[in-house]
Amino acid sequence: MSDPYLARVRDAAITVVDASPEDNTPSDVYEIAVFGISVLIRRRDQWGPATDVPYVHIEDHNGGPGLLLVEVNNTGEHEHPRPATHGVIA
């Protein structure tokens, strides 16, 4: 596997890692990091009966209590509270 490719665009960092079928990663992996949020996008080889399925993972790296709003396919925003430092939901 080759080294990841890193590009910076304004406040964002975009990292691309080559596919690794031996690690069950059939597509390149793209990570976009900005505002303390990272979004990982790749394809999964198989998920249930479907093949070549898009996979998106969002992680909030901001500390302390807060809120992450996520919308998928124009279905409305969904709230994801960020836990406080002691595991208490804000």
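Per chain, residues are indexed from 1 in the order of the written sequence. Per-residue local features of the predicted model are confined to residues with pLDDT of at least 70, and side-chain atom pairs are confined, for both listing and counting, to 80 or more; whole-chain, interface and lining totals are unaffected and use all residues. Just so you know, side-chain values use all the structure's heavy atoms and leave hydrogens and water out.

Participant: Sorry if this is basic, but what is going on with the overall build of the protein chain here?
Facilitator: Elements are defined by DSSP. Helices are runs of H or I of four residues or more, strands are runs of E of two residues or more, and each kind is numbered from the N terminus. Broken down by element type, the protein chain carries zero helices and seven strands. Starting at the N terminus, the α and β elements of the protein chain follow one another as β-β-β-β-β-β-β. Only C-alpha atoms enter the radius of gyration, while the globule expectation follows 2.2 Å times N to the 0.38, with N the number of residues. In terms of overall size, the protein chain is more extended than a compact globule, its C-alpha atoms giving a radius of gyration of 16 Å where 90 residues would be expected to give roughly 12 Å. Expressed along its principal axes, the backbone C-alpha trace of the protein chain runs to roughly 40 × 35 × 30 Å. Relative to its 90 residues, the protein chain shows a buried fraction of 18%. Should any heavy atoms of two residues lie within 4.5 Å, those residues are counted as being in contact. Sequence-distant contacts, at least 24 apart, represent 7% of the contacts inside the protein chain between residues at least 6 apart. Per-residue and other accessible areas were derived by the Shrake-Rupley procedure at a 1.4 Å probe size, with only the shown protein chains allowed to occlude residues. Here the protein chain displays about 6,900 Å² of accessible surface, and carbon together with sulfur accounts for 54% of that area. His is not counted, nor are the chain ends, whereas Lys and Arg count as positive and Asp and Glu as negative. Where a charge sits is defined by one atom per residue type, namely NZ (Lys), CZ (Arg), CG (Asp) or CD (Glu). Computing the positive centroid from 6 side-chain charges and the negative centroid from 14, the protein chain places the two 3 Å apart. Exposure is judged per residue with a 1.4 Å probe applied to protein chains only, and the accessible area is read against the type maximum: over 50% gives exposed, under 20% gives buried, and values in between give partly exposed.

Participant: Would you mind showing me how to read the confidence of the model for the protein chain here?
Facilitator: Caution applies to low-pLDDT parts of the model: their predicted coordinates are not meant to be read in detail. Here the protein chain averages 86 in pLDDT, and 91% of its residues register 70 or above. A residue's pLDDT is simply how confident the predictor is in it, with values from 0 to 100. Per-element mean pLDDT across the protein chain ranges from 87 in strand β5 (residues 50–60) up to 96 in strand β3 (residues 29–34).

Participant: In this structure, what is going on with the sheet that holds β5? I would like to understand it.
Facilitator: Neighbouring strands of a sheet are bound in pairs by backbone hydrogen bonds; such pairs are parallel or else antiparallel. For two strands to count as paired, DSSP must find a minimum of two bridges between them. Taken in spatial order, the five strands line up as β1-β2-β3-β4-β5 in an open sheet, and their pairing is antiparallel. On the outer flanks of this sheet lie β1 (5–9) and β5, each paired with one strand and no other. Strand-to-strand twist across the sheet, computed as the mean angle between neighbouring axes with direction ignored, equals 20 degrees. Of the strand pairs in this sheet, strand β4 (residues 37–47) and β5 are connected by ten bridges, and their pairing is antiparallel. In the strand pairing of β5, Ile37 is matched with Asp60. As a rule, the C-alpha atoms of each element are fitted with a line to give its axis, helices using only the stretch in contact, and angles between N-to-C directions run from 0 to 180 degrees.

Participant: Sorry, what's going on with the environment of Asp3 here?
Facilitator: Tracing the sequence through the fold places Asp3 in the segment before β1. The exposed category is assigned to Asp3, whose relative accessible area is 68%. With 14 residues separating them along the chain, Asp3 and Val17 place their C-alpha atoms 7.2 Å apart.

Participant: How should the environment of Gly63 be read in this particular structure?
Facilitator: With respect to the secondary-structure elements, Gly63 resides in the loop between β5 and β6 (66–71). Separated by 32 residues in the primary sequence, Gly63 and Glu31 have C-alpha atoms spaced 20 Å apart.

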